[in-house]
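Descriptive structure summary
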Amino acid sequence: MQENQAAPMPNATAVHTDLEAEARRAAMVERIKDRQRTLGAPLPTRIEHALTVVPRHLFTPGARLESAYGDGAVITKTDACGVNLSSVSAPATIASMLGQLAVEPGQRVLEIGSGGYNAALLAELVGPEGEVTTMDIDAEVVDRARQCLDRAGYGRVRTVCGDGVFGAPDFGPYDRLIVTVGAEDIPASWINQLTSQGRMVVPLRTRALMRSWALDRDGDRLVSRSHLMCGFVPMQGVGSRQRARVDLQGGAVTLWADEGPEVDASVLEEALSSPRVQAWSGVTRRRGEPFGDLDLWLATTLEGTCVLTATQDAVNRSVVAPSWRLGTPALVEGASLAYRAKQRPVGDDGDTFEFGAFAHGSDAQRLAALLAERFRVWDSHVRGRLKPQMEVCPSSANDRDLPSGCVVDKPHSRIVLSWHAPTT
Ligand SMILES: C[S@@+](CC[C@H](N)C(=O)[O-])C[C@H]1O[C@@H](n2cnc3c(N)ncnc32)[C@H](O)[C@@H]1O
């Protein structure tokens, strides 16, 4: 630039946006750090750095800065019925799944389900020596991610359009594979495209419960290292699956019975209109205390469990009063149904709540008592003592070659869930 040439005037709106975005990003990172601290899993410094430098708002064009840096996912595509097809995932979910993935500099990573943002974070984590490929089944999503990545300075991330069930063999093998869409099974292609020491993180549904599992390769098997609660849009393409659902009361209450019991809608319809029976367990929790493993433990140790969801209207009309209307464990036997009840406050501090069961139908008394007893067993034998372990075995594995535990048979894998005391 010549000495007397005026410097170009910065665009005032752009500067304002950048500063505001930076401040909002810093606040988002602080909230994530607080959350991770509360969960007892401090945010690794390298992930904090990536979250701090990647401009998330450049991956959510059209969204206000408050939304881009808010706590929720930013929906980027819905179908004709309003069902979410694509989003930039919630930052806290992304951060904790990256923690599970434990990416090292120089590694080769495949992401299945693109939005651009997570791929940019991965690019920061692998550094200039590493490689990131992100793939999506939807060409529109891939184009969008490509444009956002280029605009944000991540031209080195590879974008691929294709069904993630097949992986992207041309660019593997991968040290890390992360799936950011809800999976119902683990196809062999994902295992085969991992290096022998590789790890995948996948939101996988077993017995109607989705958890993000970190799974390490061990020959032709995978063994879990950690799990987290999560929710993701369902997979499209050849990996999509019609879920086993039974709608009651015109869809006001739904039972999700993937790999669970046979549910007869007509007899349960009648049960639901019979009086509610309750059984309280004496087991309590403090406000904010996580208890997500209770549901997984029930689902894997008690035959007949499924998951109940209900509309807000059904809850308002007291048709059901579940612990969480978007997914509460339930137990079905013949013409009777029990579920984990909305917890009731106990004591004077306003911060202590008791687990209980509500039930309907001819056998309601027994089922409610049975569920309450399971809460007591969980409290005395499992809570804070045992952790779930998942082993993913090939679909060809014989029963005698499986570890002991709850076997969940999927089309492409045999999954075994068991409970153990943590080794460290
Ligand atoms: C939650 S979004 C991904 C979010 C993203 N990773 C981010 O950066 O926040 C899930 C994506 O998975 C994609 N998807 C669904 N089924 C797929 C499949 N079989 N293969 C690849 N992508 C798929 C959807 O099109 C959608 O864009």
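Everything below is about the structure printed above this text.
Remember, it's a predicted structure, so these values are computed and weren't measured experimentally.

Each value, and the rule that gives it
Residues numbered from 1 in each chain as written. Predicted model: local features only at pLDDT ≥ 70, side-chain atom pairs only at ≥ 80, totals over all residues. Heavy atoms only, no water. Near = heavy atom within 4 Å. Polar contact = N/O pair within 3.5 Å; in protein donor to acceptor, adjacent residues only side chain to side chain. Helix = DSSP H or I, 4+ residues; strand = E, 2+ residues; numbered from the N terminus. Buried < 20%, exposed > 50% of the residue type's maximum accessible area, 1.4 Å probe, protein only. Lys, Arg positive; Asp, Glu negative; His and termini not counted. Salt bridge = Lys/Arg side-chain N within 4 Å of Asp/Glu carboxyl O. Contact = heavy atoms within 4.5 Å. 1 Å grid on protein atoms, 1.4 Å probe; cavity = no way out; pocket = protein on both sides within 12 Å on 5 of 7 lines; lining within 4 Å. Points joined across faces, edges and corners; volume = space filled by probe spheres on them. Nonpolar A, V, L, I, M, F, W, Y, C, P; charged D, E, K, R; others polar.

**Observations concerning the site of the ligand**
Among the 26 residues in the neighbourhood of the ligand, the closest are listed as Ser86, Ser89, Asp136, Gly164 and Gln236. The side chain of Asp163 places a nitrogen or oxygen atom 2.9 Å from a nitrogen atom of the ligand. Interatomic distance of 2.7 Å between a backbone N/O atom of Gly164 and a nitrogen atom of the ligand. Of all elements in the fold, only strand E2 (84-88), strand E3 (108-112) and helix H5 (117-126) reach the threshold of two or more residues within the shell around the ligand.

**A few points about the environment of Gly282**
Residue position: Gly282 is located in strand E12 (residues 277-286). Placed 90 residues apart in sequence, Gly282 and Ala372 show a C-alpha to C-alpha distance of 8.5 Å.

**Remarks on the side chain of Arg211**
The topology assignment puts Arg211 in strand E8 (residues 209-218). Asp295 provides the closest opposite charge to the buried, unpaired Arg211, separated from it by 4.7 Å. Setting aside anything within four residues of it in sequence, one finds Arg211 in contact with Val202, Pro203, Leu204, His227, Leu228, Met229, Cys230, Gly292, Asp295 and Leu296.

**So, the layout of surface pockets**
Within this model, the second largest pocket holds a volume of roughly 220 Å³. For the lining of the second largest pocket, the per-class residue count stands at 9 nonpolar, 3 polar and 3 charged.

**What to know about helix H4 (residues 91-101)**
Counting along an α-helix, one turn takes 3.6 residues, and residues three or four places apart therefore face a common direction. Buried residues dominate H4, accounting for 9 of its 11 residues. Listed as buried for H4 are Pro91, Ala92, Ile94, Ala95, Ser96, Met97, Leu98, Gln100 and Leu101. A positive phi of about 50° marks Ala102, the residue just after H4.

Everything listed here is a matter of coordinates, which is why it stays silent on function.
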